[in-house]
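Chain and residue survey
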Amino acid sequence: MPKTLAQAAAIAMAGLLSYATPSHADFSLKGKTVTIYIAGGVGGGVDQFARTLAPYLSKHPPGEPAIVASNMPGGGGVQAVQHLYNIAPKDGTAIGTTNVGPVVEPLLGTKTLNYDLQKFRWIGSLVKGDTACVVWHQSGIKTIDDARTREVTLTSTGVTASPTRSALLMNALLGTKFRPIAGYDGGTSLLAVERGEQAGICVTLASLRTTRPDWLRDKKIVLLVQVSLTADPEFPDVPRAVDLITSDEHRQMLDFFLLPHEFSNPYYLPPGVPDEVLAAYRKAFDAAVRDPGYLADVRKRKQTIAPRHGAEVAGLVDRLFTTPKAIIAR
């Protein structure tokens, strides 16, 4: 009898465990459509990267779902992030990708937001930061010193978006006179520079290589300063902001500002999504970014990627929230 009871208890426990922790194979998106909410306008960098990845990302989750794009550029991308956090379904049929602005907004913004970065389920990220503040070749601005002596208008997607923050931070740390003009989306912000409406933009070089490769190839823009942790090898003579700073406090401010750029173009699921769904998407993302077809498209479209695993992205998000409050306030 004791042996029989023990066996029965073991069988019952095994059944409970299998119910409580469903296997990866139990999750499938077969016959379903996944919407990827893009926190940027059509034609912008985050949009181009997402549309390049989507066909390959759809190949690798269980069930190989179709993926459709939904652009939500409002509020510098905050609209899309809030939608995913508060409204989107939590069954794996909704994922998001964003620019840097909504990532830093909870820490640097002045308004209350309806999302918590640490509760998102992070799938991975595509790009490491390589932001530069650039001007059109006919603007009359040639160097960072020129930008310290005269006002330089720059396009931006929002008053709290990354292009605006980059410009204002350079003003505070380097004494430039950048004046960001908000209200554009990812595509129109570049058109405004081409048309001469504004002098330039603070933008990632990865984005320009994808959306406007001729700007770099034909020297249609002048790079004034690189707002990134590492110098771009193609532009060794363009100064980095970090090399122009002498104050320890200013260096800490810049390090904090640049940290979100280390996981640019992240992909994430809403909070509350089951662990097995997150695991499936992380596995799918890691497979997609190694897919030979995807890598061929990346080269064809002149995109530069540096993928990070979802667990690493989650760790970097948590690290943001350990920054000393005095540095964030400054």
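Residues numbered from 1 in each chain as written. Predicted model: local features only at pLDDT ≥ 70, side-chain atom pairs only at ≥ 80, totals over all residues. Heavy atoms only, no water.

1. Structural notes on the overall build of the chain
Quick note on the threshold: Secondary structure elements follow DSSP: runs of H or I of four or more residues count as helices, runs of E of two or more count as strands, with numbering from the N terminus. Contacts are residue-level and defined by heavy atoms, with any inter-residue pair within 4.5 Å sufficient. The method behind every accessible area is Shrake-Rupley, applied with a 1.4 Å probe, and residues are considered shielded solely by the protein chains displayed. By the counting rule applied here, Lys and Arg register as positive and Asp and Glu as negative, while His and the ends of each chain are not counted. For charged residues, the charge sits on one atom: NZ in Lys, CZ in Arg, CG in Asp, CD in Glu.
Per the secondary structure count, the chain includes 14 helices and 11 strands. Seen through its C-alpha atoms, the chain measures out along the principal axes to roughly 90 × 45 × 35 Å. A sequence separation of at least 24 residues applies to 79% of the contacts in the chain between residues at least 6 apart. As displayed, the chain offers around 14,700 Å² of accessible surface, 55% of which is attributable to carbon and sulfur atoms. With 35 positive and 30 negative side-chain charges, the chain shows a separation of 2 Å between the mean positions of the two kinds.

2. Regarding the state of the cysteines
Rules: Put simply, a disulfide is two cysteine sulfurs that come within 2.5 Å. Residue burial is assigned from relative accessible area. The probe radius is 1.4 Å, only protein chains are included, and a residue is buried under 20% of its type maximum, exposed over 50%, and partly exposed in between.
The final tally for this structure, using the stated rule, is one disulfide. In this model, Cys133 is linked to Cys202 through a disulfide, with the two sulfur atoms separated by 2.1 Å. Classification of the bridge connecting Cys133 and Cys202 rests on its S-S torsion, roughly 100 degrees, and on that basis the disulfide is right-handed. Placement of the pair is Cys133 in strand S5 (residues 131-136) and Cys202 in strand S8 (residues 200-204), with a sequence separation of 69 residues. Residue Cys133 is classed as buried on the basis of its relative accessible area of 1%.

3. Thoughts on the pattern of salt bridges
Worth spelling out the cut-off: Definition used for salt bridges: Asp or Glu carboxyl oxygen within 4 Å of a side-chain nitrogen of Lys or Arg.
One pass over the full model with this rule turns up 16 salt bridges. The residue Asp291 makes a salt bridge to Lys59 at a minimum N-O spacing of 2.9 Å. In this pair, Asp291 is assigned in the loop between helix H11 (275-288) and helix H12 (292-300) and Lys59 in the loop between helix H2 (45-57) and strand S2 (66-71), connecting sequence segments 232 residues apart. For Lys59, a relative accessible area of 39% gives the class partly exposed. Salt bridges here are not isolated pairs; linked through shared partners, they connect Arg209, Asp232 and Glu234.

Everything listed here is a matter of geometry and, on its own, says nothing about what the molecule does.
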